[in-house]
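# Coordinate analysis (summary)
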Amino acid sequence: MAAALGPGEAAAAAHALSLPAEAYGNDPNVEMLWAMRASQHAEVYFNLISSVDPKFLTLTKVDEQIYGEFRKAFGGLRVDVLDPEDLKSEPAKEKWRPFCLQFEGVVEDFNYGTLLRLDCRGGYSPENTIFATRIQFFAIEIARNREGHNSTIYNSSQQQRGDSK
């Protein structure tokens, strides 16, 4: 994963990432900072579901609301292995937009970009990762945790730890 930022670099990155996108255009430095931040978030989350049984995780203060609204809007969506079209096609975007917007002011940085695994049985890799909003990440990962799909990662990690003792 990316190298860690020092305190000064982290403060500068946080400030840069808090400004509106229009202030930058396609600034490669901002894209790199975003990529580093997203990569660090992905690494922390994967380590978390590897170390703690995901069925017991709480990702936000409003997990119940997110999960309830998600399953109401996307009851038939398969979350163990995502089809990118279910997130990125025009019809999907039309369905996701109202879902996401209901969490504005409820979930901090609800529309920030983050990385999401397509197949929950695998880690973050170029082939298994898609760009999503933070609220999409929460909705899908909360569903994966509650429905037992992320237990594969946890169980595999525990088995490896047991084998190495």
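Structural data are supplied above this passage.
Quick caveat: nothing in here was measured; it's all calculated off a predicted structure. (Residues numbered from 1 in each chain as written. Predicted model: local features only at pLDDT ≥ 70, side-chain atom pairs only at ≥ 80, totals over all residues. Heavy atoms only, no water.)

### Brief notes about the overall build of the protein chain
- Scanning the protein chain from N- to C-terminus turns up seven helices and two strands.
- Expressed as a percentage of the 165 residues in the protein chain, the buried residues total 36%.
- Partitioning the intrachain contacts of the protein chain with sequence separation of at least 6 by distance along the chain shows that 69% fall at a separation of at least 24.
- For the protein chain, the exposed area adds up to about 9500 Å²; of that, 54% sits on carbon and sulfur atoms. (Helix = DSSP H or I, 4+ residues; strand = E, 2+ residues; numbered from the N terminus. Buried < 20%, exposed > 50% of the residue type's maximum accessible area, 1.4 Å probe, protein only. Contact = heavy atoms within 4.5 Å. Areas by Shrake-Rupley, 256 points an atom, 1.4 Å probe, with all protein chains shown as cover.)

### As for the pairing of strand S1 (residues 113-117)
- Counting buried positions along S1 gives four out of five residues, so the element sits mostly inside the fold.
- Examined bridge by bridge, S1 and strand S2 (residues 129-133) share five bridges and lie antiparallel to one another. Pairing of Leu116 across the sheet is with Ile130, part of S2. (Pairing = 2+ DSSP bridges.)

### A look at the nonpolar core
- By size, the foremost hydrophobic cluster in this structure holds 33 residues, and its most contacted members are Ile66, Phe70, Trp96, Phe99, Leu116, Ile135 and Ile140.
- Residue assignment for this core shows that the elements contributing at least two residues are helix H2 (28-51), helix H3 (63-73), helix H5 (90-101), S1, S2 and helix H6 (134-146).
- Ranked by residues supplied to this core, first place goes to H6 with seven residues.
- What Ile140 contacts, discounting residues up to four positions off in sequence, is Phe70, Val79, Leu82, Leu87, Trp96 and Leu116. (Core = buried A, V, L, I, M, F, W, Y, C linked by side-chain atoms within 4.5 Å.)

### Focus on the environment of Leu101
- In this fold, Leu101 is placed in helix H5.
- Since its relative accessible area comes to 46%, Leu101 is described here as partly exposed.
- Leu101 sits 10 residues away from Asn111 along the chain, and the two C-alpha atoms are 8.4 Å apart.

### Notes on unusual backbone geometry
- We note that Asp109 has phi near 55°; this positive angle belongs to a residue other than glycine.
- With respect to the helices and strands, Asp109 occurs in the loop between H5 and S1.

### Here's the deal with the pattern of salt bridges
- Scanning all chains against the criterion turns up 10 salt bridges.
- The residue Arg146 makes a salt bridge to Glu64 at a minimum N-O spacing of 3.1 Å. One end of the pair, Arg146, is in helix H6; the other, Glu64, is in helix H3, with 82 residues separating them in the sequence.
- Of the charged contacts, one joins Glu69 and Lys72 as a salt bridge, the two residues approaching to 3.3 Å between their closest N and O atoms. A residue pair is termed a helical-turn pair when its members lie 3 or 4 positions apart in one helix, as Glu69 and Lys72 do in helix H3 at three residues.
- For Glu69, a relative accessible area of 23% puts it in the partly exposed group.
- The class of Lys72 is exposed, set by a relative accessible area of 64%.
- Residues joined by salt bridges that share partners form a network here, namely Arg117, Glu141 and Arg144. (Salt bridge = Lys/Arg side-chain N within 4 Å of Asp/Glu carboxyl O.)

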